[in-house]
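If you want the building blocks of each chain, they are given just below.
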Amino acid sequence: MIFEMGILSARRGKRLGVLLAIFWIGALCYFWLPDAIKYISKSDTEKSVEEDNFSLDQTLHVCIASDHKTLGGMIALINSIIINTNSEVKFHLIVDSQSVDRVTIWIKSTKLRYIDFEVKAFPEEWVDGKIKIRAGRKELASPLNYARYYLPRLFPDINDRIVYIDDDCIVQGDIKFLYHMHIRPGHWAAFSEDCEGVNKRLSRLSNVYAEFIDFKNANVKKLNMKPSACSFNTGVFVTDLRLWDKNNITLQLEYWMELNTKEEVYGNEKGGGGSQPPMMIVFYNKYTNIESLWHVRHLGLSAGTTYNKGLLENRAKLIHWNGPFKPWGRVAQHSSIWDKYFIPEPSGQFKVVRRAV
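Residues numbered from 1 in each chain as written. Predicted model: local features only at pLDDT ≥ 70, side-chain atom pairs only at ≥ 80, totals over all residues. Heavy atoms only, no water.

**Q** Residues and numbers for the packing of helix H3 (residues 71-83) against helix H4 (residues 100-108), please.
**A** Orientation of H3 relative to H4, taken along the N-to-C sense of each, is 35 degrees, at an axis distance of 11 Å. Here the hand of the crossing between H3 and H4 comes out right-handed. Touching Leu71, Gly72, Met74, Ile75 and Ile78 of H3 are Arg102, Val103, Trp106 and Ile107, all from H4. Its residues placed into classes, the contact of H3 with H4 shows seven nonpolar, one polar and one charged. (Axes fitted to C-alpha atoms, helices over the stretch in contact; angles between N-to-C directions. Helix = DSSP H or I, 4+ residues; strand = E, 2+ residues; numbered from the N terminus. Left-handed = near helix turned anticlockwise from the far one by under 90°. Contact = heavy atoms within 4.5 Å. Nonpolar A, V, L, I, M, F, W, Y, C, P; charged D, E, K, R; others polar.)

Given below as structure tokens:
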């Protein structure tokens, strides 16, 4: 009898232990799991904001450059950023001299009138005699394409980070996560590499430095860069203007631009010329990778649909129509996404062209 009571007591104790374990597991799930699920579902860029312990209520600096032909892209991009964030954003807009009043009126005459912004005309004399496009798209010779080289000179009062975004982009995520992403110590900026995910498959290139730079050039050889190193796209980047200034990045970029006018450093390779090759040289091994969903690109390389609509609408944080087929053009792919953010110009000067239905 005593033996049976002992067994019964042991069983009760075991049950009590199980119940207590269930209780504690339940309590942990209640208090911890919701936050854990939220964290697990976040992108690496979003996690790094929390890990780096940034203050998320500071003003975010965003720069966009555009000329009179592409101002509609600038407007749609601004609108997409504002709609998808609760953060304070200061827009630093660079345009050609003929577009300063035009873009100011466009903003102040529409629902964007409440944004914090400044507009500056790019001094085109800064790049006079420094641009040479040997092959590929001639529009890449536009002086505004090189405005990204001169951010500290254009905005001397910014002693902080800035996000530069091409005007043929739309931002669908919260820009604060891109702005505050972790940049590794010793790196000067963050760019999106071409050697991963869907961006790699759709680029039509081998996604390496040799596709952009002439490695037969004697001055290039001295740099000991690897021709097989992964290329990156310069249409979206995050940088700290203090580091940019401290490391004389503008002067370094100008050096390679000017040298390319005298001898071939870049321009005849498959990747073409433009503003990208000098940045690939200067930032070699000096950049952190932006995750692919924060720069889904190559939508402008063809008129045909190359992306799953679900990926672009539900997962992509930033979409880029780099290439000749712009989202405001007749045969652009997935232009309906861009249309959601476009605000027509009050004067009607900027025309969006669409296929006849």
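Still more ground to cover, so stick around.
**Q** Any chance you could break down the pattern of salt bridges for me, citing the residues and the numbers?
**A** All told, the structure shown has eleven salt bridges when counted by the stated rule. Note that Arg148 and Asp166 form a salt bridge whose closest N and O atoms lie 3.2 Å from each other. Of this pair, Arg148 sits in the loop between strand S3 (116-121) and helix H5 (151-154) while Asp166 sits in the loop between strand S4 (161-165) and strand S5 (169-171), and the two are 18 residues apart along the sequence. In this structure, the salt-bridge partner of Asp174 is Lys176, at a minimum N-O distance of 3.9 Å. Given a relative accessible area of 17%, Asp174 falls into the buried group. (Salt bridge = Lys/Arg side-chain N within 4 Å of Asp/Glu carboxyl O. Buried < 20%, exposed > 50% of the residue type's maximum accessible area, 1.4 Å probe, protein only.)

**Q** So what's going on with the nonpolar core? Residues and values would help.
**A** By size, the foremost hydrophobic cluster in this structure holds 54 residues, and its most contacted members are Phe91, Ile165 and Leu178. Looking at this core, the element that brings in the most residues is H3, giving seven residues. If we skip the residues at most four places from it in the chain, Ile165 touches Val62, Cys63, Ile64, Leu77, Ile81, Val171, Ile175, Gly235, Val236 and Leu318. Membership of the second largest hydrophobic core comes to 46 residues, among which are Tyr149, Ile158, Val220 and Trp244. (Core = buried A, V, L, I, M, F, W, Y, C linked by side-chain atoms within 4.5 Å.)

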